[in-house]
Amino acid sequence: MDDEEKIRNVLSSYLVNAGFQTLEAETGTHALDLLKNRSIDLVVLDLMLPDLSGEEVCREIRRRSGVPILMLTAKVEEQHRIDGLSMGADDYVIKPFSPREIVARGRAILRRVGEEWLAERISFYDGDLILDTKAHTVFKKGQPIHLTPVEYRLIQMLARHPGYSFSREDLIEKVFGFDYEGEARTIDQHMKNLRNKIEADPKHPVYLKTVFGFGYRFDGEKS
């Protein structure tokens with residue numbers, strides 16, 4: 001989505017040539033209407049829109065849906081990138097950019113999302129913790145838990161490989177993409193938040209174990 005018609009047209013042309021079907025929205029309101037009425041697999045969202053801010057649109061999309069979001073912005077400061085990812089964006093591209101880069105980033109996001117949908121339901125310890133990957137929902141003792149997109153991708157990645165130790169760098173690449181420029185320790189805060197949501201005692205976790213000096217692993221007996 002972009003309020004500059006020329007950029008929209010060029011991006012749409014490249015995406016169509018790459019095999020995508022596209023819908024264009026000039027405003028944030030129009031974009032939200034499209035998402036309400038159409039099945040969308042990927043959103044390319046410009047932060048500079050004529051009515052709502054791109055940040056507002058991103059938050060509203062994330063409130064409604066887990067559809068992947070690729071942000072476009074002229075803001076170059078690291079904090080802006082962190083803020084964009086924190087509010088639910090899956091990737092972040094800074095202007096000026098190459099349309100071919102958008103195509104490549106879009107394909108990479110969809111590959112990651114596709115991997116998440118390989119299994120539909122994973123249960124641990126007789127249903128104490130359940131991941132429904134079809135609905136992108138996690139249940140603890142039968143109750144749904146609200147997770148951010150980053151938290152969901154973290155637990156989904158770890159739970160699909162119980163007992164396997166992931167380095168912080170591995171998790172950063174899987175969750176944020178190979179070209180994420182933030183600190184690897186950022187993952188620690190996300191893990192802390194995730195433990196607070198799924199562990200009975202976050203200080204003595206059953207599922208999300210720290211591999212000291214390296215990263216994290218998921219311990220759980222499938223049922």
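Calculation notes
Residues numbered from 1 in each chain as written. Predicted model: local features only at pLDDT ≥ 70, side-chain atom pairs only at ≥ 80, totals over all residues. Heavy atoms only, no water. Buried < 20%, exposed > 50% of the residue type's maximum accessible area, 1.4 Å probe, protein only. Helix = DSSP H or I, 4+ residues; strand = E, 2+ residues; numbered from the N terminus. Arc of directions from axis to C-beta. Contact = heavy atoms within 4.5 Å. Pairing = 2+ DSSP bridges. Axes fitted to C-alpha atoms, helices over the stretch in contact; angles between N-to-C directions.

Draft legend 1. Focus on helix α2 (residues 28-37). Along α2, the residues classified as buried are Gly28, Ala31, Leu32 and Leu34. All buried residues of α2 fall inside an arc of 155° around its axis, so they share one side. Away from its buried face, by an angle of more than 90 degrees, α2 presents the exposed residues Lys36 and Asn37. On its buried side, α2 packs onto α3 (54-64).

Draft legend 2. Looking closely at the sheet that holds strand β9 (residues 208-211). Read from one edge to the other, the open sheet built from three strands follows the order β8-β10-β9, with strand pairing classed as antiparallel. Each edge of the sheet is formed by a strand with only one pairing partner; in this case those strands are β8 (165-167) and β9. On average, each strand axis in the sheet is tilted by 30° relative to the strand beside it, whichever way the strands run. Sheet topology note: the β9/strand β10 (residues 215-218) ladder contains four bridges and is antiparallel. When the bridges of β10 are listed, Val211 appears paired with Gly215. Packed on one face of the sheet, helix α6 (residues 149-159) meets β8, β9 and β10 and runs near 65° to β10. Here helix α7 (residues 168-176) sits on the sheet in contact with β8 and β10, set at roughly 80° to β8.

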